[in-house]
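# Commentary on secondary and tertiary structure
Residue-level listing of the chains:
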Amino acid sequence: MSLKAGIVGLPNVGKSTLFNAITKKNILAANYPFATIEPNVGVVTVPDYRLDKLNEMYNPKKLVPTTFEFTDIAGLVKGASKGEGLGNKFLSHIREVDAIVEVVRCFEDGEITHVEGKIDPIRDIEIINTELILADLEIVENRISKIEKKAETTKDKNAVLELNALRKSREALLQGTALRNIEYTEDELNVISGFNFITLKKIIYAANVNDEDAIAGSNSYTDIVTEYANKEGSKVIIMCAKLESELSGYEDEERKAFMEDMGLNSSGLDMLIKATYDLLGLKTFFTSGTDECRAWTFKDGMKAPECAGIIHTDFQKGFIKAEVMSYDDLATLGTEKAVQEAGKLRLEGKEYIMKDGDICYFRFNVTK
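Residues numbered from 1 in each chain as written. Predicted model: local features only at pLDDT ≥ 70, side-chain atom pairs only at ≥ 80, totals over all residues. Heavy atoms only, no water.

### Points about the packing of aromatic side chains
What the rule picks out here adds up to ten aromatic pairs. Between Phe68 and Phe70, the ring centres sit 5.4 Å apart and the planes meet at 55°, which makes this aromatic pair tilted. Take Phe70: its relative accessible area is 0%, and that puts it in the buried class. An angle of 85° between the planes, with centres 6.2 Å apart, marks the rings of Tyr205 and Tyr228 as edge-to-face. A residue pair is termed long-range when its members are at least 10 positions apart, and Tyr205 in strand β6 (residues 202–208) and Tyr228 in helix α8 (residues 220–231) qualify at 23 residues. Accessibility expressed as a relative area gives 0% for Tyr205, which makes it buried. (Phe/Tyr/Trp six-rings, centres within 6.5 Å; stacked < 30°, edge-to-face > 60°. Buried < 20%, exposed > 50% of the residue type's maximum accessible area, 1.4 Å probe, protein only. Helix = DSSP H or I, 4+ residues; strand = E, 2+ residues; numbered from the N terminus.)

### Overview of the layout of surface pockets
In this structure, the largest pocket occupies an estimated 980 Å³ of space. Taken together, 31 residues line the largest pocket, and the ones lying closest to its centre are Thr45, Pro47, Asp252, Arg255 and Asp270. Within the residue set of the lining of the largest pocket, elements represented by two or more residues are α1 (15–23), β2 (40–45), α2 (49–58), α9 (241–247), α10 (252–262) and α11 (268–279). Broken down by element, the residue count for the lining of the largest pocket peaks at six residues, all from α10. When its residues are assigned to classes, the lining of the largest pocket shows 15 nonpolar, six polar and ten charged. (1 Å grid on protein atoms, 1.4 Å probe; cavity = no way out; pocket = protein on both sides within 12 Å on 5 of 7 lines; lining within 4 Å. Points joined across faces, edges and corners; volume = space filled by probe spheres on them. Nonpolar A, V, L, I, M, F, W, Y, C, P; charged D, E, K, R; others polar.)

### A short note on the nonpolar core
Counting residues in each nonpolar core, the largest one holds 60 residues, and the members touching the most others are Phe68 and Phe70. For Phe68, the contacting residues outside a window of four places in its chain are Leu3, Lys4, Ala5, Gly42, Val43, Val44, Val46, Thr276, Tyr277, Leu280 and Leu282. Counting 17 residues, the second largest nonpolar core, distinct from the first, contains Ala159, Leu166, Phe195 and Phe197. (Core = buried A, V, L, I, M, F, W, Y, C linked by side-chain atoms within 4.5 Å. Contact = heavy atoms within 4.5 Å.)

### Focus on the state of the cysteines
All told, the structure shown has zero disulfides when counted by the stated rule. Cys360 supplies the cysteine sulfur nearest to Cys307, a cysteine that is in no disulfide, at a spacing of 7.3 Å. (Disulfide = S-S within 2.5 Å.)

### Some points on the confidence of the model for the protein
Averaged over all residues, the pLDDT of the protein equals 86, while 88% of them reach at least 70. Contacts of residues 25–37 to residues separated by more than four positions or lying in other chains number 35 contacts, the stretch itself having pLDDT below 50. Residue range residues 84–88 is modelled with pLDDT below 50. Its contacts to residues more than four positions away, or to other chains, number twelve contacts. (pLDDT = per-residue confidence, 0-100.)

If you want it as structure tokens, here you go:
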């Protein structure tokens, strides 16, 4: 299941430094606007202690974690919706992602120029959010002008539904409200999904601080960002992109020791990856054995045949049953045999809704 988040923000807020940490790639991170011209894409593993435990238990020939894709998108500036900076090129890239990570500068540094002259995280957030709102509004207005007459004259059910959903969207956008904060019916969401509205995407604010404030867990800037995010139901991850970039260069044991010395329980990067994963309602199931232990990503609410199809389409087409045990039961009891003897190994059918941490073996049959 290929899902991705776009890393956005004003120039020089730490986006590319964060991306370096995420992907362990050395892309250009220069102290001037538009150092990032093309979107850089990197795949990261989602940290999961359960897979580490399965590796210990099965000692498989192959260990495959679940992954998530991050895209570093060129810095946005005021007027992007009208073509300023990289303008529409930026906006086209961000429409392709599933969620947004907005990096907000929450640190002082006289050597790193701020495109707006001084540090003001709420102003920065509102610059970006306004440009995204204006970009969506342009699409809404254009579509309404094309469909309005047809909907009002023919009374076509689908056209009327689309027009009403677009008018509802236009009203919100004109008031400066992101579409993710609007309540839509399921039918309305279906009818507007094809427009790929940017402000309909879920968002996390990554408050980029210096290393001292990362250890402290906050500063005066992150406090106001958190207050802002809480009002719109979004989440804030406080992290130091520069520190995360340094940590990414260490081996696991070195990184762990370094973090302990600094008093950090977990890296901001791990928290960001997990928060982004959770933001989209993603869960993990496992397949395990001596040949391979593997984590698979699925969306909350998916049924067993759909999850089988993530492994291979034939698994879904010919789905019969799923042998399922929970990770917690296996970790507690120690072996598959003990899980079975305790009556914790289940056979589930086509209507079974998969749960996070399920360990599965799918039975299927496809006739040619």
